[in-house]
Amino acid sequence: MLIAIAHPASAGTVAIRYAKATAPGWSTPIEVSASSDSDITEVTARLRSNSNKEPFATVTDFELVSGTAADGVWRTSQPVTLEKGLIYIDVEIADASGLTFAKKPALVLDRRGMTRFSEFTISPSTVDVDHDTVTYKGRLVYGSGSGSELGVPGVTICLNLDGACAGYATTDSAGRFSSAVHLYIKGMDTNMIESETYASYSGSPGYSRAASTHSLLKVRPQETRLSIGFSSPPTIIGATVQVTGRLERKKADGHWAGAPGQDVKISVYDLDTKKDIDLGTTRTRSDGSYSKSVVVPQATQWFVNFEPFPYLTRNGVSVPGPYQGSSEGPENVIYSFYRSSISRFTVSPNPAAKGAQITASAVVTRRTATGPALPATTGYVDLEFSKNRKTWTVVGQSRLTSNGQVKVHATAVSSGYWRLRYQGWDRNLDALSGTAYATVKYRTSVSGFNAKPEPVRKGKTITVGGTLKYLTTTQYHTFVWRPLGSKTVNIYFQAHGSKSWSYVGTAGTDRYGRWHKGFKARKDGTWMAKYKGNVTYLAANSTKDYVDVR
């Protein structure tokens with residue numbers, strides 16, 4: 001094949017019109033057309049392979065075959081033997097005047113061996129995970145000058161799978177090759193996909209490139225199955241659990257084995273919110289087992305899914321891969337619940353009067369999966385009482401408000417311990433507050449208080465008195481005031497125009513709770529009595545009585 005012929009070139013009056021090979025194959029005469037003002041006395045051709053500097057042959061036996069010695073065509077007297085490959089022919093001429101001129105190259109010949117694959121097969125034509133080796137066989141030949149085909153020896157063959165070299169082979173002396181290609185599954189990356197296979201040769205200085213016919217490699221995807229389990233029941237929202245299980249594949253013999261290095265997706269669905277939540281993926285171990293630590297969201301159903309990536313050929317066609325997809329979930333619905341808590345729990349008043357109302361206050365919240373506490377807005381809260389912190393009795397109940405606050409009222413009967421219990425509601429779990437101790441005492445009263453006489457003359461005696469009583473219950477559980485004897489009452493005076501009270505004395509109660517005390521009248525002012533109380537009785541203040549001193 002003639003690749004290039006030099007354009008006419010000249011030096012002074014010397015010109016080379018063309019150079020050419022007059023026959024195909026690896027043996028051909030060389031012809032040169034040139035002209036000069038003087039007779040051309042010598043034509044030389046030097047043949048180089050692949051632009052090498054040194055020629056493999058030098059030819060000088062050119063004879064004038066047409067025209068004149070000054071303007072003619074010269075041809076070698078004998079065919080020139082060529083090497084296989086690209087042949088660069090440099091031509092040099094000299095004339096009678098001593099002038100020489102060279103053209104490098106004057107001609108480029110393509111005499112590479114034209115190759116083709118005379119044979120190509122793959123075996124087996126269908127693979128799966130347990131049969132993952134494909135043997136490529138074939139023969140690379142080239143056309144000889146005699147018209148027969150000869151094997152191309154010692155060259156590298158690319159064993160193509162889906163347009164990429166999956167392996168390599170080297171031809172023997174007859175141009176034959178046979179090599180096994182192991183298909184890989186590296187995690188989610190694999191070349192075990194249904195695709196075209198073929199052999200290719202990239203060419204060399206002595207031989208042209210070639211590609212074989214194509215053969216379709218089929219893949220038998222294996223059935224898979226998943227299992228799912230938990231390190232602990234996923235029933236508490238915000239708790240951390242391990243989701244565990246195994247991805248298995250069904251072998252050709254019907255037995256199940258682990259599928260390693262594959263991604264398993266974990267997700268949940270909640271019947272109340274109608275929402276799906278993706279909890280991420282985890283990769284299976286060498287035995288197909290998997291585990292992933294997840295934070296439990298609000299959910300009712302758990303799922304694990306194995307969804308192999310869409311396997312695409314290089315031209316974008318979706319094809320089967322080594323595995324089929326699968327999914328699994330627990331048979332039963334698993335409700336998850338919010339952890340509830342009671343905070344800012346108080347009991348007031350403390351101490352409280354026996355028989356009076358006591359109020360417990362608190363805030364009920366629920367902990368979300370991401371951590372923040374939100375108000376619990378539904379459900380009831382019980383107020384419980386115990387004298388010994390062992391036996392508890394429900395003494396009151398109230399419903400939560402929209403901001404999670406609650407107030408529960410009860411009657412204070414005796415000193416003891418109080419606590420709140422949230423009964424749980426909807427997806428909220430029960431909660432119990434801490435305990436608070438409240439003292440309950442008898443309510444007291446200073447009744448019939450009087451400072452007399454009024455008005456009174458200055459220097460005369462003012463008598464201050466009243467009755468100290470306490471509130472108790474009868475056998476019929478009705479309230480009644482009874483006298484409180486043998487107690488001390490403190491007496492205070494506030495002079496007219498003054499803002500402060502002065503302690504002026506005490507008086508003791510008799511068996512009927514009555515008491516009185518006399519004072520010398522000095523100033524106009526107001527009188528008042530106080531009972532300080534003790535561990536059993538609450539304090540009490542009398543009314544105030546103003547006395548005019550004249």
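Just above sits the structure.
Quick summary incoming for the structure in this document. (Residues numbered from 1 in each chain as written. Predicted model: local features only at pLDDT ≥ 70, side-chain atom pairs only at ≥ 80, totals over all residues. Heavy atoms only, no water.)

**Thoughts on the pairing of strand β46 (residues 461-473)**
Link 1 in the chain: Where strand β45 (residues 444-452) and β46 come together, seven bridges link them in antiparallel fashion. Along β46, the bridge assignment pairs Asn450 with Gly465.
Link 2 in the chain: Sheet topology places β46 next to strand β50 (residues 514-520); seven bridges connect them, and they run antiparallel. Each residue of the ladder has a partner; that of Thr461, found in β50, is Lys520.
Link 3 in the chain: Two strands pair when backbone bridges link them, and β46 and strand β47 (residues 479-483) are joined in this way by five bridges, in the antiparallel orientation. Each residue of the ladder has a partner; that of Tyr470, found in β47, is Arg482.
Link 4 in the chain: The turn linking β46 back onto β47 is made up of five residues, and His477 within it adopts a positive phi angle of 65°. (Pairing = 2+ DSSP bridges. Helix = DSSP H or I, 4+ residues; strand = E, 2+ residues; numbered from the N terminus.)

**Examining the state of the cysteines**
Link 1 in the chain: Applying the stated criterion across every chain, the model contains one disulfide.
Link 2 in the chain: What pairs with Cys158 in a disulfide is Cys165, and their sulfur atoms sit 1.8 Å apart. Note on the Cys158 and Cys165 pair: the S-S dihedral is about -120°, so by sign convention the disulfide is left-handed.
Link 3 in the chain: Residue Cys165 is classed as partly exposed on the basis of its relative accessible area of 37%. (Disulfide = S-S within 2.5 Å. Buried < 20%, exposed > 50% of the residue type's maximum accessible area, 1.4 Å probe, protein only.)

**Some points on the environment of Arg427**
Link 1 in the chain: Relative to the assigned elements, Arg427 resides in the loop between β41 (416-422) and β42 (431-432).
Link 2 in the chain: Put simply, Arg427 and Leu216 are 211 residues apart on the chain and 57 Å apart in space, counted from C-alpha to C-alpha.
Link 3 in the chain: When near neighbours in sequence (up to four residues on either side) are disregarded, Arg427 contacts Asp270, Asp272, Gln298, Ala299, Thr300, Tyr335, Ser336, Phe337 and Tyr338.
Link 4 in the chain: For Arg427, the side chain forms a polar contact with the main-chain oxygen of Ala299, separated by 3.0 Å. (Contact = heavy atoms within 4.5 Å. Polar contact = N/O pair within 3.5 Å; in protein donor to acceptor, adjacent residues only side chain to side chain.)

**Re the sheet that holds strand β32 (residues 301-306)**
Link 1 in the chain: Here four strands make up an open sheet; going across it, the order is β30-β29-β32-β33 and the pairing antiparallel. In this open sheet, the two strands that pair with only one neighbour each are β30 (275-283) and β33 (326-328). Each adjacent strand pair in this sheet contributes to an overall mean axis angle of 20°, direction not counted.
Link 2 in the chain: Sheet analysis places β32 next to β33, joined by three bridges and oriented antiparallel. In the sheet register, Asn305 faces β33, and the bridge partner there is Ser327. (Axes fitted to C-alpha atoms, helices over the stretch in contact; angles between N-to-C directions.)

**So, the layout of surface pockets**
Link 1 in the chain: Considering only enclosed or pocket space, the largest pocket measures out at about 230 Å³ in volume.
Link 2 in the chain: Contributing to the lining of the largest pocket are 15 residues, with Asp162, Tyr184, Thr190, Asn191 and Ile193 lying nearest its centre.
Link 3 in the chain: Contributing elements (two or more residues each) for the lining of the largest pocket: β18 (164-170) and β21 (189-190).
Link 4 in the chain: Examining the composition of the lining of the largest pocket, we find that three residues originate from one element, β18, more than from any other. (1 Å grid on protein atoms, 1.4 Å probe; cavity = no way out; pocket = protein on both sides within 12 Å on 5 of 7 lines; lining within 4 Å. Points joined across faces, edges and corners; volume = space filled by probe spheres on them.)

**As for the packing of aromatic side chains**
Pairs of aromatic rings are described using the distance from one ring centre to the other and the angle between the two planes.
Link 1 in the chain: Counted under the stated rule, the structure contains 16 aromatic pairs.
Link 2 in the chain: Between Tyr492 and Tyr503 the ring centres are 5.8 Å apart and the planes differ by 65°, which places this aromatic pair in the edge-to-face class. One end of the pair, Tyr492, is in strand β48 (residues 488-495); the other, Tyr503, is in strand β49 (residues 502-508), and eleven residues separate them in sequence.
Link 3 in the chain: Through pairs of rings, three or more aromatic residues link up here, namely Tyr442, Tyr470 and Tyr537.
Link 4 in the chain: Positioned above the aromatic ring of Tyr184, the side-chain terminus of Lys186 is 4.9 Å from the ring centre.
Link 5 in the chain: Just above the ring of Tyr417 sits the side chain of Arg389; from NZ or CZ to the centre is 5.1 Å. (Phe/Tyr/Trp six-rings, centres within 6.5 Å; stacked < 30°, edge-to-face > 60°. Lys NZ or Arg CZ within 6 Å of the ring centre and 35° of its normal.)

**As for the pattern of salt bridges**
Link 1 in the chain: As enumerated under the stated definition, the model contains 19 salt bridges in all.
Link 2 in the chain: In this structure, Asp270 and Arg427 form a salt bridge, with 3.1 Å as the shortest nitrogen-oxygen distance. In this pair, Asp270 is assigned in strand β29 (residues 263-270) and Arg427 in the loop between β41 and β42, connecting sequence segments 157 residues apart. One exposure class covers both Asp270 and Arg427, and it is buried.
Link 3 in the chain: One salt bridge in this structure joins Asp548 and Arg550, with 3.2 Å as the shortest N-O distance. (Salt bridge = Lys/Arg side-chain N within 4 Å of Asp/Glu carboxyl O.)

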